[in-house]
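A look at the structure
Listed here are the chains, written in short residue letters.
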Amino acid sequence: MLRDITLGQYFPGDTVAHRLDPRTKLALVVLYIVGLFMAKNWISYGLVFLVTIACMAVSHIKLKTLTKGLKPLIIIIVLTAVLNLFYTPGTQIIEGVPMTWEGLKKAFLLVMRIMMLISGTFLLTYTTSPIALTDGLEKAMSPLKKLRFPVHEMSMMMSMALRFIPTLTEETDKIMSAQKARGADFETGNLLQRAKALIPILVPLFVSAFRRADELAVAMESRCYHGGEGRTRMKQLKYAARDFIAYFLGILFVVVMAVLRHYGL
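Source: prediction; values computed, not measured.

What about a positive patch on the surface?
Among the surface-exposed residues, K62, K64, K68 and K71 lie close enough to one another that they form a single positively charged patch. You can see K64 is positioned in helix α4 (residues 63-70).

Here it is as structure tokens:
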């Protein structure tokens, strides 16, 4: 299950999505989320689904990769579906069973919303390197510098957090394998017993995380890193024609979603 976590991973490529400016991709993700939450009925959800499939095709990201990343969240998805299926008032599907047609529709649409929301945000990290994501976040939040907001430090912390998710996941998997080889059992017993069984995993994991953080800090200090003040970049961010086209398509998507919501579609 841990190996299925793909958040923070970057898949190098030379597609249109990979070549987009990171600021453009950040804005498109925001527009995608806004449009997704505007979806109200079957037609609007179908449009968002088609847009998601189109983004996957442009990015050359396989459906298998996205579904693999959804596996760790299967419990949340199933719980959402069950709660809406049984606790939404309306016309019962089977007499005497608290399942309604309205609940079935709501459960399906909410599950689709969660899956498309996660898939859309995953596409950002899949097609954007951590360095480019840091530069894009810093540029996008640069107006906040006038308010003395630590823009560079904040964007650096966010990108490093995303970068180390796969590393810590791999470390957790190694520790679990080592503990299982020593006879540890993580799958039997009640909830409290399972929680206690995780202590031999959490302690070395925290030690490893702090050690990696200390090594990273030493490496950054040895390279004379002192934040964003006076820092230059090897690759300067510049908008191209494809970025303006992407902005236009993103805004058009939100406008269409607003119209569909207005007419209850």
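On we go.
Observations concerning helix α7 (residues 130-140)
Turning to α7, its buried residues are L133, T134, D135, G136, L137 and E138. Those residues of α7 that are buried are in contact with α2 (22-38), α6 (101-127) and α8 (151-181).

Details of the packing of aromatic side chains
Tallying each qualifying case throughout the model produces six aromatic pairs. Measuring from ring centre to ring centre gives 6.4 Å for Y32 and F253, while their planes differ by 15°; the resulting arrangement is stacked. One end of the pair, Y32, is in helix α2; the other, F253, is in helix α11 (residues 241-262), with 221 residues separating them in the sequence. For the pair Y32 and F253, a shared accessibility class is recorded, and that class is buried. One aromatic cluster is present, built from ring pairs that chain together F11, F122 and Y126. The ring of Y239 carries R23 above its face, with NZ or CZ at 4.2 Å from the centroid.

Considering the environment of V259
Here V259 lies in helix α11. Looking at V259, the relative accessible area reads 41%, which means it is partly exposed. Taking the C-alpha atoms as reference points, V259 and S44, separated by 215 residues in sequence, lie 9.6 Å from one another.

Notes on unusual backbone geometry
With phi around 60°, H60 is a residue other than glycine that occupies positive phi space. The exposure class assigned to H60 is exposed, which follows from its relative accessible area of 63%.

Here is what the cut-offs are and how they apply
- Numbers given to residues run from 1 along each chain, matching the order in which its sequence is written.
- Side-chain atom pairs in this predicted model are given and counted only at pLDDT of 80 or more, local residue features only at pLDDT of at least 70, and totals for whole chains, interfaces and linings cover all residues.
- The side-chain numbers reported here are obtained from all heavy atoms of the structure, hydrogens and water having been left aside.
- Two distance rules govern patches: like charges are joined within 9 Å, and nonpolar side chains (Val, Leu, Ile, Met, Phe, Trp, Tyr) within 5 Å, applied only to residues with over 30% relative accessible area and no salt bridge.
- Computed with the Shrake-Rupley method and a 1.4 Å probe, the accessible areas treat only the protein chains shown as cover for residues.
- Salt bridge criterion: a side-chain nitrogen from Lys or Arg within 4 Å of a carboxyl oxygen from Asp or Glu.
- In this charge count, Lys and Arg are treated as positive and Asp and Glu as negative; neither His nor the chain ends contribute.
- Note that the charge is assigned to NZ on lysines, CZ on arginines, CG on aspartates and CD on glutamates.
- Under the scheme used here, helices are H or I runs from DSSP no shorter than 4 residues and strands are E runs no shorter than 2 residues, and both carry numbers assigned from the N terminus.
- Any residue under 20% of the maximum accessible area for its type is buried, any over 50% is exposed, and the rest in between are partly exposed; the area is computed with a 1.4 Å probe on protein chains only.
- Any two residues having at least one pair of non-hydrogen atoms within 4.5 Å are treated as being in contact.
- Each Phe, Tyr or Trp ring (for Trp, its six-membered ring) is paired with any other whose centre lies within 6.5 Å, and the angle between the two planes then decides the class: stacked below 30 degrees, edge-to-face above 60, tilted in between.
- Criterion for a charge above a ring: Lys NZ or Arg CZ within 6 Å of the ring centre, and within 35 degrees of the ring normal.

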